[in-house]
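Here is how the chains run, residue by residue.
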Amino acid sequence: MSHLATPYPQPERNDFNAPMLDAWTRGELCLQQCKACHHKVYFPRLQCPECWSTELEWKTLSGRGRIVSFAIVHKHVHASFEEEAPSVFAEILLEEGWPMLARVIADPPGKVKTGMQVELVPAAQAGRFPLPTFQLCA
C-alpha cells in the first residue's frame with residue numbers, strides 16, 4: 001500500500017480507551033474483561049455491558065484469531081480509506097474468545113474467506129493504523 005495523501009481519522013483518546021490505544025502503539029492488543037462476570041469486552045467501556053460492573057481489567061491478548069464474517073467496502077466516508085478501497089472489515093473471534101470488529105489488510109481483498117486465520121499486522125506497521133488492524137496469516 002502506498003503512503004496516504006489524507007491521514008486516517010484518529011480515535012478520540014480518553015481515560016477508558018487509553019490502555020488499548022497505548023498498547024496498539026507498541027503493536028500489542030489489550031482488551032477488557034469484567035472481573036465480576038468474566039465477560040469479554042470490546043470496545044473499551046466504563047462498565048460491563050453484561051452485568052454493569054465497573055470492575056473491568058485489561059488483558060494482553062495474542063492478536064491471533066479467525067474471521068467470522070466480513071464485508072468488502074468499496075465506497076468509504078473518509079478520504080483516507082477511499083484511497084485504499086476496496087477494504088476488508090471483519091468480525092474476528094480472537095483465540096482467547098474476544099469478538100471484535102477490525103480492518104483486515106489483504107491483497108487482493110477478494111481472497112478473504114470466512115474462517116481464515118488472521119493476526120495483528122507486525123508491530124513495525126501498527127503505528128500506521130489508528131486502531132488494531134489484522135492481516136491474513138501466511
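A brief look at the structure comes next. (Residues numbered from 1 in each chain as written. Predicted model: local features only at pLDDT ≥ 70, side-chain atom pairs only at ≥ 80, totals over all residues. Heavy atoms only, no water.)

So, the side chain of Asn-17
Here Asn-17 is to be found in the segment before α1 (18-25). Of the residues examined, Asn-17 reaches a relative accessible area of 10% and is grouped as buried. Within the structure, the side chain of Asn-17 is placed 2.9 Å from the backbone nitrogen of Asn-14, a separation counted as a polar contact. Not counting residues up to four positions away in its chain, the partners in contact with Asn-17 are Glu-12 and Pro-44. (Helix = DSSP H or I, 4+ residues; strand = E, 2+ residues; numbered from the N terminus. Buried < 20%, exposed > 50% of the residue type's maximum accessible area, 1.4 Å probe, protein only. Polar contact = N/O pair within 3.5 Å; in protein donor to acceptor, adjacent residues only side chain to side chain. Contact = heavy atoms within 4.5 Å.)

Structural notes on the environment of Pro-108
Looking at where Pro-108 falls in the secondary structure, it is placed in the loop between β6 (99-105) and β7 (117-120). Given the relative accessible area of 46%, Pro-108 is considered partly exposed. Distance in space between the C-alpha atoms of Pro-108 and Val-88 is 9.8 Å, their sequence separation being 20 residues.

Some thoughts on the sheet that holds strand β1 (residues 29-34)
Ordered by their spatial adjacency, three strands build an open sheet running β2-β1-β3, and the pairing between neighbours is antiparallel. On the outer flanks of this sheet lie β2 (40-41) and β3 (56-61), each paired with one strand and no other. Both β1 and β3 contribute to a ladder of six bridges, which runs antiparallel. Bridge pairing in β3 places Gln-32 opposite Trp-58. Strand contacts of α1: β1 and β3, with the helix running at about 155 degrees to β1, the strand carrying the most contacts. (Pairing = 2+ DSSP bridges. Axes fitted to C-alpha atoms, helices over the stretch in contact; angles between N-to-C directions.)

Here we look at α1
Those residues of α1 that fall on the buried side of the exposure criterion are Ala-18, Met-20, Leu-21, Ala-23 and Trp-24. On its buried face, α1 is in contact with β1, β3, β7, α3 (123-126) and β8 (133-136). One or two steps after α1, the chain reaches Gly-27, where phi turns positive at roughly 80 degrees.

Considering the pairing of β7
Strand direction decides the pairing type here: strand β4 (residues 64-73) and β7, joined by three bridges, are antiparallel. For Arg-64, the partnering residue across the bridge sits in β7 and is Glu-119. Taken together, the three bridges between β7 and β8 define a ladder with antiparallel strand orientation. The residue bridging Glu-119 from the neighbouring strand is Gln-135, located in β8.

Here's the deal with the pattern of salt bridges
Enumeration over the complete set of coordinates arrives at six salt bridges. A salt bridge links Glu-57 to Lys-59, with the nearest nitrogen and oxygen atoms 3.7 Å apart. Residues participating in the shared-partner salt-bridge network are Glu-84, Arg-103 and Arg-128. (Salt bridge = Lys/Arg side-chain N within 4 Å of Asp/Glu carboxyl O.)

With respect to unusual backbone geometry
Glycine aside, negative phi is the norm for most residues, and most peptide bonds take the trans geometry. Of note, the bond from Tyr-42 into Phe-43 is cis; its omega dihedral lies within 30 degrees of zero at 20 degrees. Tracing the backbone through its elements, the reader meets Phe-43 in the loop between β2 and β3. In this model, Asp-107 is joined to Pro-108 through a cis peptide bond whose omega is 0 degrees. Phi angles above zero are rare outside glycine, and His-38 is one such case at about 70 degrees.

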